[in-house]
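Per-entry structural report
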Amino acid sequence: MFSDAYTLVWKHPGITTPLICLALHQDEWAPQEIRPTHPEPSKLAGWLMKNYPQYWETTCKVVDRLIEDGKVVFMDNGKIYPMGYQGEIDNG
């Protein structure tokens with residue numbers, strides 16, 4: 001899962017942890033159970049925490065490890081970028 005999460009960040013710079021969680025675990029949910037879009041990532045995080053705590057906690061641990069290993073940078077706005085990313089950064 002570590003390499004899959006890193007691949008998501010590399011392919012989608014600025015992705016958030018909730019979206020990583022959905023992408024990593026989408027095959028484990030029935031399609032009618034998930035709501036892939038929310039008005040803001042913090043609401044999606046709360047929904048995941050409440051409804052799928054096991055997937056949320058696992059994803060958070062993986063993202064923490066990516067940060068600790070210096071593979072990604074976690075911005076104050078919750079966006080995650082690969083280390084050394086040279087493209088545009090969304091500060092909003």
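Presented here is a report on the structure given in the accompanying data block. (Residues numbered from 1 in each chain as written. Predicted model: local features only at pLDDT ≥ 70, side-chain atom pairs only at ≥ 80, totals over all residues. Heavy atoms only, no water.)

1. Overview of the pattern of salt bridges
Summed over the entire model, instances satisfying the criterion amount to one salt bridge. Here Arg 65 makes a salt bridge to Asp 69, at a shortest N to O gap of 3.5 Å. Assessed through its relative accessible area of 43%, Arg 65 is described here as partly exposed. (Salt bridge = Lys/Arg side-chain N within 4 Å of Asp/Glu carboxyl O. Buried < 20%, exposed > 50% of the residue type's maximum accessible area, 1.4 Å probe, protein only.)

2. Structural notes on the environment of Tyr 81
With respect to the helices, strands and loops of the structure, Tyr 81 is situated in strand S3 (residues 79–82). Spatially, the C-alpha atom of Tyr 81 lies 7.2 Å from that of Trp 10, the residues being 71 residues apart in sequence. Contact partners of Tyr 81, with chain neighbours within four places excluded, come to Val 9, Pro 13, Gly 14, Val 72, Val 73, Met 75, Glu 88, Ile 89 and Asp 90. (Helix = DSSP H or I, 4+ residues; strand = E, 2+ residues; numbered from the N terminus. Contact = heavy atoms within 4.5 Å.)

3. With respect to the packing of aromatic side chains
Within the structure shown, the criterion is met by three aromatic pairs. Taking 5.9 Å as the distance between ring centres and 25° as the angle between the ring planes, the aromatic pair formed by Tyr 52 and Tyr 55 counts as stacked. Judged by relative accessible area, which is 16%, Tyr 55 ranks as buried. One aromatic cluster is present, formed by Trp 47, Tyr 52 and Tyr 55 through successive ring pairs. Over the face of the ring belonging to Phe 2 we find Arg 65, whose NZ or CZ atom lies 3.9 Å from the ring centre. (Phe/Tyr/Trp six-rings, centres within 6.5 Å; stacked < 30°, edge-to-face > 60°. Lys NZ or Arg CZ within 6 Å of the ring centre and 35° of its normal.)

4. Let's talk about the packing of helix H2 (residues 17–25) against helix H4 (residues 53–68)
The geometry of H2 relative to H4 is characterised by a closest axis approach of 9 Å and an angle of 115° between their N-to-C directions. With respect to H4, the axis of H2 lies roughly perpendicular. For the pair H2 and H4, the crossing hand works out as right-handed. Along its contact with H2, which presents Thr 17, Pro 18, Ile 20, Cys 21, Leu 24 and His 25, the element H4 presents Tyr 55, Trp 56, Thr 59, Cys 60 and Val 63. Split into classes, the residues belonging to the contact of H2 with H4 amount to eight nonpolar, three polar and no charged. (Axes fitted to C-alpha atoms, helices over the stretch in contact; angles between N-to-C directions. Parallel < 35°, antiparallel > 145°, perpendicular 65-115°, else oblique. Left-handed = near helix turned anticlockwise from the far one by under 90°. Nonpolar A, V, L, I, M, F, W, Y, C, P; charged D, E, K, R; others polar.)

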